[in-house]
Amino acid sequence: MKSLLLVFLFAPGLIACEAMLKVGGDLEWPPYAYIQHMEVQGEDVQLARTVFDKANYCLTFIDMPSVDRGIEELHEGDLDVLMAASFNEARGKKAWFSSPYRQETVILFSHTQSQITGKTIQDLFQRGASFAVNSGSFAGDAFGILQREYAQQIIYLSSTAQRLLMLNSARIDFVVEDQFAGLHIAKENQLLNIKATEHIVYQDPIHFMLSRKRFDQQRVSQINRIIEALQ
């Protein structure tokens, strides 16, 4: 299980910041968020810096052990922002959602020597395939139905690297993962037995989740205008 890691990052003009926001996410998830040379970096991190600096906030980044933990801390007011969130109705009841800031494509990764094939993801489940999935992640309504129907064939792990390591050693048949993160982490760790398949699990816009205890609708609208102006 991932440990909880607190990393402080102060935006330019710290004295002028209206408030310090606690921003949660998976900080072991390149290219979107990662720690290098004792600094939080990545595409989502850089966008968060830009957006919230323009809204006159400074940021503290917190590595969350799971998506579920991040959503609960956001709902309780212990976290102000959660990065890289896809929308569903249950999440929408717990927090505001910003305007989308990128598009996500989640696919299946398989072992290069895998003999399990199928035209659909359900075919793969019916052939007895095992899947590794991020704990608490939302991969669309269609995959959610399969998760419930074939629950015994799914392993939940919060670490992307750990899921891919299992796949690389053929201890699991498929990994459900963001297309670019999976390719990046496999290459970075020289996991040569992994390949991307043509099975698309889910495609959806990605948002910041914003705590209702920190932000009112006026502030959410301001943040949305900033995001939309950057696109």
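Residues numbered from 1 in each chain as written. Predicted model: local features only at pLDDT ≥ 70, side-chain atom pairs only at ≥ 80, totals over all residues. Heavy atoms only, no water.

J.: Explanation requested: the nonpolar core in the structure shown.
T.: Considering soluble globular proteins, one finds that nonpolar side chains tend to be buried as a cluster. Core analysis: the biggest nonpolar cluster contains 25 residues, and Phe52, Phe61, Met83, Phe208 and Phe215 have the highest contact counts within it. Contributions of two or more residues to this core are made by strand E2 (19-25), helix H1 (43-54), strand E6 (57-63), strand E7 (81-85), strand E13 (194-210) and helix H8 (217-230). Setting aside residues up to four positions removed in sequence, Phe208 forms contacts with Leu47, Ala48, Phe52, Val81, Leu82, Met83, Trp96, Phe97, Ser98, Tyr101 and Ile227. Counting residues in hydrophobic clusters, the runner-up holds 18 residues, among them Leu108, Ile154, Phe174 and Val201. (Core = buried A, V, L, I, M, F, W, Y, C linked by side-chain atoms within 4.5 Å. Buried < 20%, exposed > 50% of the residue type's maximum accessible area, 1.4 Å probe, protein only. Helix = DSSP H or I, 4+ residues; strand = E, 2+ residues; numbered from the N terminus. Contact = heavy atoms within 4.5 Å.)

J.: Honestly, the sheet that holds strand E3 (residues 28-29) in this entry has me stumped. Any pointers?
T.: Sheets are built from strands that pair by backbone hydrogen bonding, the pairs being arranged parallel or antiparallel. Strands sit in the order E3-E4-E5 across an open sheet of three strands; the sheet is antiparallel. In this open sheet, the two strands that pair with only one neighbour each are E3 and strand E5 (39-41). Where strand E4 (residues 33-36) meets E5, three bridges bridge the pair, whose relative direction is antiparallel. Across the sheet, residue Gln36 finds its bridge partner in E5, namely Glu39. (Pairing = 2+ DSSP bridges.)

J.: Any chance you could explain the side chain of Ser135 here in plain terms?
T.: Its place among the elements puts Ser135 in the loop between strand E10 (131-133) and helix H5 (141-149). Judged by its relative accessible area of 18%, Ser135 falls in the buried class. Sequence-distant contacts of Ser135, defined by excluding residues within four places in its chain, comprise Ser66, Val67, Asp68, Tyr156, Leu157 and Ser158.

J.: When you look at the environment of Gly118 in this model, what are you seeing that I'm missing?
T.: Tracing the sequence through the fold places Gly118 in the loop between strand E9 (102-111) and helix H4 (121-126). On the accessibility criterion, Gly118 (24% relative accessible area) is partly exposed. Residues Gly118 and Gln162, 44 residues apart in the sequence, show an inter-C-alpha distance of 25 Å. Dropping the residues within four chain positions of it, Gly118 is found in contact with Asp123, Leu124, Arg127 and His199.

J.: I keep staring at the packing of H1 against H8 and nothing clicks. Help me out?
T.: Two numbers describe a pair of packed helices, the interaxial angle and the distance between the axes. Two numbers describe how H1 lies on H8: the axes approach to 9 Å, and their chain directions differ by 125 degrees. Classified by the angle between their axes, H1 and H8 sit oblique to one another. Crossing hand, H1 versus H8: right-handed. On H8, the residues that touch Leu47, Thr50, Val51, Phe52 and Lys54 of H1 are Ile223, Ile226, Ile227 and Leu230. Classifying every residue of the contact of H1 with H8 by side-chain character gives seven nonpolar, one polar and one charged. (Axes fitted to C-alpha atoms, helices over the stretch in contact; angles between N-to-C directions. Parallel < 35°, antiparallel > 145°, perpendicular 65-115°, else oblique. Left-handed = near helix turned anticlockwise from the far one by under 90°. Nonpolar A, V, L, I, M, F, W, Y, C, P; charged D, E, K, R; others polar.)

J.: What is the right way to look at the pairing of strand E12 (residues 174-178) in this model?
T.: The two faces of a sheet get side chains in turn, since along a regular strand they alternate between them. By the criterion of burial, E12 is predominantly enclosed, with five of the five residues buried. As defined by bridge partners, E9 adjoins E12 across five bridges and the pair is classed as antiparallel. Bridged to Ser110 within E12 is Phe174. Strand direction decides the pairing type here: E10 and E12, joined by two bridges, are parallel. Across the sheet, the residue bridging to Phe131 is Phe174, located in E12.

J.: When you look at the pairing of E2 in this model, what are you seeing that I'm missing?
T.: Burial of E2 is extensive: five of the seven residues sit out of reach of the surface. Where E2 lies against E6, seven bridges are found, and the strand directions are parallel. Counterpart to Leu21 in the pairing with E6 is Leu59. Alignment of E2 against E7, held across two bridges, turns out to be parallel. Bridge pairing in E7 links Val23 to Val81.

J.: I keep staring at helix H6 (residues 160-168) and nothing clicks. Help me out?
T.: An α-helix turns once per 3.6 residues; consequently, residues spaced three or four apart project the same way. Every buried residue of H6 is listed here: Thr160, Arg163, Leu164, Met166, Leu167 and Asn168. Downstream of H6 by one or two residues, Ala170 has phi in the positive range, about 60 degrees.

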